[in-house]
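The primary structure of each chain is shown beneath.
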2 protein chains.
Amino acid sequence: MSSIREVALAAGVSIATVSRALSTPEKVSKNTLERVNAAIDKMDYRPNMMARNFRAARSYSIVVLVPNIANTFFSTAIRGIQSSAHKAGYAVILGNTNDSLALEKEYVNFVRTRQSDGTIQLRPHSSGSLITPELNTPVVSVCGRENSPHPSVRIDNIAAAQTLVEHLINQGHQRIGVIAGNADDPHTMDRKRGYCQAIERAGISFDETLISYGDFTLCSGVIAANHFVSMAHRPTAIFSMNDEMAIGALQSFRSAGLNPPKDFSIAGFDNIEFSKYTEPPLTTIAQPAEELGKTAFHVLLQLIEEQELPSNDIVLPYELIVRESTQNALGEL
Amino acid sequence: MSSIREVALAAGVSIATVSRALSTPEKVSKNTLERVNAAIDKMDYRPNMMARNFRAARSYSIVVLVPNIANTFFSTAIRGIQSSAHKAGYAVILGNTNDSLALEKEYVNFVRTRQSDGTIQLRPHSSGSLITPELNTPVVSVCGRENSPHPSVRIDNIAAAQTLVEHLINQGHQRIGVIAGNADDPHTMDRKRGYCQAIERAGISFDETLISYGDFTLCSGVIAANHFVSMAHRPTAIFSMNDEMAIGALQSFRSAGLNPPKDFSIAGFDNIEFSKYTEPPLTTIAQPAEELGKTAFHVLLQLIEEQELPSNDIVLPYELIVRESTQNALGEL
């Protein structure tokens, strides 16, 4: 913002006038416009020409970057963002990225030219992301991690996974298989860490063959579960890193004649609405998806309005939801 | 469209110049601007002053009005809209209306002030809607009906429901219960008409007690199914007007000790991804959700670019997907 001040000083006008000259030049007198434009050239005001698209012109729009809008957890979070944004008079522009950094980049460029006021990123910040703090634009991560480069609203994924795995251990399970997400996904890493902490505390040694990687889709749950079905020494319980993969896995297990909770226990993560209606209903971790979205918008609004944030890392509570898919260990799967 | 032409004629300039005078007056000479403004006043060009927000200013944004973005069918359609819009350089602004006409109205006002180029409405036009042709703004309905006031992209819901119910009748079912959507919903009405046509052709008389109304949510499927469970003379098959309600209904039936396809048949509608993973997998009608979204955007773009539409009512093919939840009738439920 200091450079817009310099332009204003050089042009002998107010900051508001510079802002108006940039956003709605038709509302500024020809003489003033010429002076402002001359000052802009003189001060080499390029970086803030871009910032104009995000801030000065206040578009009352935000962009939501989402890996896959057809995923129930994300669409519920977006419903929360939309509800709060709408109350504040903000439009929500949708950026479905298909988890591609190239598409994410396109949206960033799109944002630049479209005068959006800020971005909510519905995934943890990954190292290759082009949405860096250097862009100098308000960004909030939903489902972020500790030490995220952007302010973040999330649950504690490590503690949540640990809680869930401890629930399985308390039921007597010692050999617990994991249907993980993509190996390089920050959520996968955090939830795996929670799993490791829980088994370590219980004195169970880590066995890499008990981790089967998917990509958080229903179909990948089917494939990951087949790994366990084909094992000579099967686990007695499965921790799936989201509900979709658990629902896909249930189908694999049923095809193999294995039915929870009789033959094995299985738990998911997210508490999507469908998890209540599976056969049997799924034990899972409830993430407050809608609340995460609402909170993220409020943090973003504080950034847009250049208010001091009370915290850069807001952690909302999760909840262990125990349903019929988990019960006391009887034998191996 | 005629009125912008009249203004252009009266001002002695091209339509493009009138458009430019409205959207970016700074790019038009003072003399031309004065002539255009005089012509606007003379022609009482008010409706198109509003239309400027939608058209002339070409915001490269569209608004998508969706009853509930957390519904899988809608979020998949939006993924299609987004994918096509993105390729054309258009932003998608999300309007989650919670099926409320009041919220829809707010979005219409929002659209007016935000210079969106057009609207896609992800539901059939209802009589109370404030998005009327008089608004003179490009609107496309996805999942519309015949004789919609706006161009529409849809499947033939009557024929699709009829096909599904005929499938049940061909399996020997005579007493077919219906889990309907909201009674006043245009989809409910069309799908009920398809049901009635199928049973009438088969010489089965209509029985109102076999229709149980829900609201297209999982939870409403549970409640609607309880109606059938409590009947003295139960149906042998259930046609649910969407997959979500069928999935909810499966839980009610299971609780009552009734399991398809052994004890009864059940079919859904939409072919959402979860329908493949239920126990048993669900017979359903596949709607090309993503394709409906993509096509709707292309129609909207033609409207925005003021091209002649080849058709005001594009009907895409549906497909009957037969899975294990339906089989030959054995006895009553």
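A short tour of the structure in this document, coming up. Please read these numbers as outputs of a predicted model, since none were measured by experiment.

Here we take up unusual backbone geometry. Looking along the chain, the bond that leaves Glu279 of chain A and enters Pro280 of chain A is cis, with omega of -5°. Inspection of the secondary structure puts Pro280 of chain A in the loop between strand E9 (265–267) and strand E10 (284–286). Residue Asn271 of chain B is not a glycine yet carries a positive backbone phi of 60°. Inspection of the secondary structure assignment puts Asn271 of chain B in the loop between strand E9 (265–267) and strand E10 (284–286). Of note, the phi angle at Glu306 of chain B is positive, near 55°, even though the residue is not glycine. Tracing the sequence through the fold places Glu306 of chain B in the loop between helix H11 (289–304) and strand E11 (313–315). By relative accessible area, Glu306 of chain B is classed as partly exposed at 42%.

Let's shift gears to the packing of helix H7 (residues 157–170) of chain A against helix H8 (residues 186–201) of chain A. Residues and elements named next belong to chain A. Look at H7 against H8: their axes get within 7 Å of each other, and the N-to-C directions meet at 40°. Comparing the axis directions of H7 and H8 gives the class oblique. Crossing of H7 over H8 shows right-handed handedness. Of the residues in H8, those in contact with Asn157, Ile158, Ala161, Gln162, Val165, Glu166 and Ile169 of H7 are His187, Asp190, Arg191, Arg193, Gly194, Tyr195, Gln197, Ala198, Ile199 and Arg201. Class assignment for the residues of the contact of H7 with H8 results in seven nonpolar, five polar and five charged.

All names here are of chain A. For the structure shown, the criterion picks out ten aromatic pairs over all chains. Aromatic side chains Phe253 and Phe264 sit 4.4 Å apart centroid to centroid with 55° between the ring planes, which places their arrangement in the tilted category. Of this pair, Phe253 sits in helix H10 (residues 243–255) while Phe264 sits in the loop between H10 and E9, and the two are eleven residues apart along the sequence. You can call Phe264 buried: its relative accessible area is 2%. Joined through ring pairs, the aromatic side chains of Tyr60, Tyr90 and Phe297 make up one cluster. A cation sits over an aromatic face here: Arg191 above Phe269, 3.8 Å from the ring centre.

A few words on the sheet that holds strand E8 (residues 237–240) of chain B. All names here are of chain B. Strand order in the open sheet made by the four strands is E7-E6-E8-E9, with parallel pairing throughout. Across the chains shown, the open sheet's two edge strands, defined by having one partner strand only, are strand E7 (211–213) and E9. The average undirected angle you get between the axes of adjacent strands in this sheet is 15°. In terms of strand pairing, strand E6 (residues 176–180) meets E8 through four bridges, oriented parallel. Note that in E8 the partner of Gly177 across the bridge is Ile238.

Residue and element names in this part refer to chain A. On the basis of which strands lie adjacent, the open sheet formed by four strands has the order E7-E6-E8-E9 and parallel pairing. Bordering the open sheet on either side are strand E7 (211–213) and E9, each of which pairs with just one other strand. The average angle at which neighbouring strand axes cross in this sheet is 15°, direction not considered. Lying over the sheet, H7 contacts strand E6 (176–180), strand E8 (237–240) and E9, oriented at roughly 170° with respect to E8.

All chains considered together, the criterion is met by five cavities of 30 Å³ or more. Taken as a whole, the largest cavity encloses approximately 140 Å³ of empty space. As for the largest cavity, its lining consists of 14 residues, of which Tyr277 and Thr278 of chain A together with Ile247, Tyr277 and Thr278 of chain B are closest to the centre. When residues of the lining of the largest cavity are traced back to their parent elements, those giving at least two are H10 of chain A together with helix H10 (243–255) of chain B. Looking at the lining of the largest cavity residue by residue, the class counts come to eight nonpolar, two polar and four charged.

The next thing to look at is the interface of chain A and chain B. Every contact between the two is made by 44 residues of chain A and, on the other side, 44 residues of chain B. By the criterion of area lost to chain B, the three top residues of chain A are His86, Phe274 and Tyr277 of chain A, representing 20% of everything that side buries. Counting the contacts that link chain A with chain B gives two salt bridges. Of the charged contacts, one joins Glu279 of chain A and Arg254 of chain B as a salt bridge, the two residues approaching to 3.1 Å between their closest N and O atoms. At the junction of chain A with chain B, the criterion picks out 15 residue pairs in polar contact (both at pLDDT 80 or more). If you tally residues by element for the side of chain A that touches chain B, the top one is helix H5 (residues 72–87) of chain A, at seven residues. Partitioned by chemical class, the residues of the side of chain A that touches chain B number 21 nonpolar, 14 polar and nine charged.

Residues and elements named next belong to chain B. When the terminal C-alpha atoms of helix H8 (residues 186–201) are compared, their 23 Å separation across 16 residues agrees well with the 22 Å that a helix rising 1.5 Å per residue should span. Taken as a whole, H8 has its buried residues at Pro186, His187, Thr188, Asp190, Arg191, Gly194, Tyr195, Ala198 and Ile199. Buried residues along H8 sit against helix H7 (157–170), E6, E7 and E8. Two or three places before His187, at the opening of H8, Asp185 has a side-chain oxygen 2.7 Å from that residue's backbone nitrogen. Looking one or two places after H8, you find Gly203, whose phi comes out positive at around 75°.

Residues and elements named next belong to chain A. With respect to the helices and strands, Arg191 occurs in helix H8. Here Asn157 takes part through its side chain, which lies 2.8 Å from a polar atom of the side chain of Arg191. Discounting residues that sit within four places of it in the chain, Arg191 has contacts with Asn157, Ala161, Phe216, Phe239, Met241, Phe269, Asp270 and Gln287.

Attention now moves to the environment of Ala21 of chain A. By the element assignment, Ala21 of chain A lies in helix H2 (residues 15–23). Residues contacting Ala21 of chain A, with those up to four places away along its chain left out, are Val28, Leu33 and Val36 of chain A.

Residues and elements named next belong to chain B. As for its position among the elements, Asp313 is in strand E11. Residue Asp313 is classed as partly exposed on the basis of its relative accessible area, which comes to 28%. Each C-alpha atom, one on Asp313 and one on His150, is 8.7 Å from the other, the two residues being 163 residues apart in sequence. Filtering out sequence-adjacent residues up to four positions away, Asp313 remains in contact with Glu146, Ser152 and Arg154.

Further remarks concern the relation of the copies chain A and chain B. Mapping chain A onto chain B leaves a residual RMSD of 1.3 Å; the transformation is a rotation of 179° accompanied by 0.4 Å of translation along its axis. Such a combination of rotation and displacement between the chain copies is what one expects of a two-fold axis. Most of the interface of chain A is mirrored in chain B, where 100% of its interface residues are also at the interface.

Bringing the pattern of salt bridges into the picture now. Should the charged atoms of two oppositely charged side chains come close, the side chains can pair. Residues and elements named next belong to chain A. Going through the model one piece at a time under the given rule, you end up with twelve salt bridges over all chains. Measuring nitrogen to oxygen at the nearest pair gives 3.9 Å for the salt bridge that ties Lys192 to Glu208. Of this pair, Lys192 sits in helix H8 while Glu208 is found in the loop between H8 and E7, placing the two residues 16 residues apart along the sequence.

Reading the values: rules and limits
Residues numbered from 1 in each chain as written. Chains lettered and ligands numbered in written order. Predicted model: local features only at pLDDT ≥ 70, side-chain atom pairs only at ≥ 80, totals over all residues. Heavy atoms only, no water. Helix = DSSP H or I, 4+ residues; strand = E, 2+ residues; numbered from the N terminus. Buried < 20%, exposed > 50% of the residue type's maximum accessible area, 1.4 Å probe, protein only. Axes fitted to C-alpha atoms, helices over the stretch in contact; angles between N-to-C directions. Parallel < 35°, antiparallel > 145°, perpendicular 65-115°, else oblique. Left-handed = near helix turned anticlockwise from the far one by under 90°. Contact = heavy atoms within 4.5 Å. Nonpolar A, V, L, I, M, F, W, Y, C, P; charged D, E, K, R; others polar. Phe/Tyr/Trp six-rings, centres within 6.5 Å; stacked < 30°, edge-to-face > 60°. Lys NZ or Arg CZ within 6 Å of the ring centre and 35° of its normal. Pairing = 2+ DSSP bridges. 1 Å grid on protein atoms, 1.4 Å probe; cavity = no way out; pocket = protein on both sides within 12 Å on 5 of 7 lines; lining within 4 Å. Points joined across faces, edges and corners; volume = space filled by probe spheres on them. Buried area = accessible area lost by both parts, 1.4 Å probe. Salt bridge = Lys/Arg side-chain N within 4 Å of Asp/Glu carboxyl O. Polar contact = N/O pair within 3.5 Å; in protein donor to acceptor, adjacent residues only side chain to side chain. Expected span 1.5 Å × (residues − 1). Least-squares fit on C-alpha atoms with pLDDT ≥ 70 in both.

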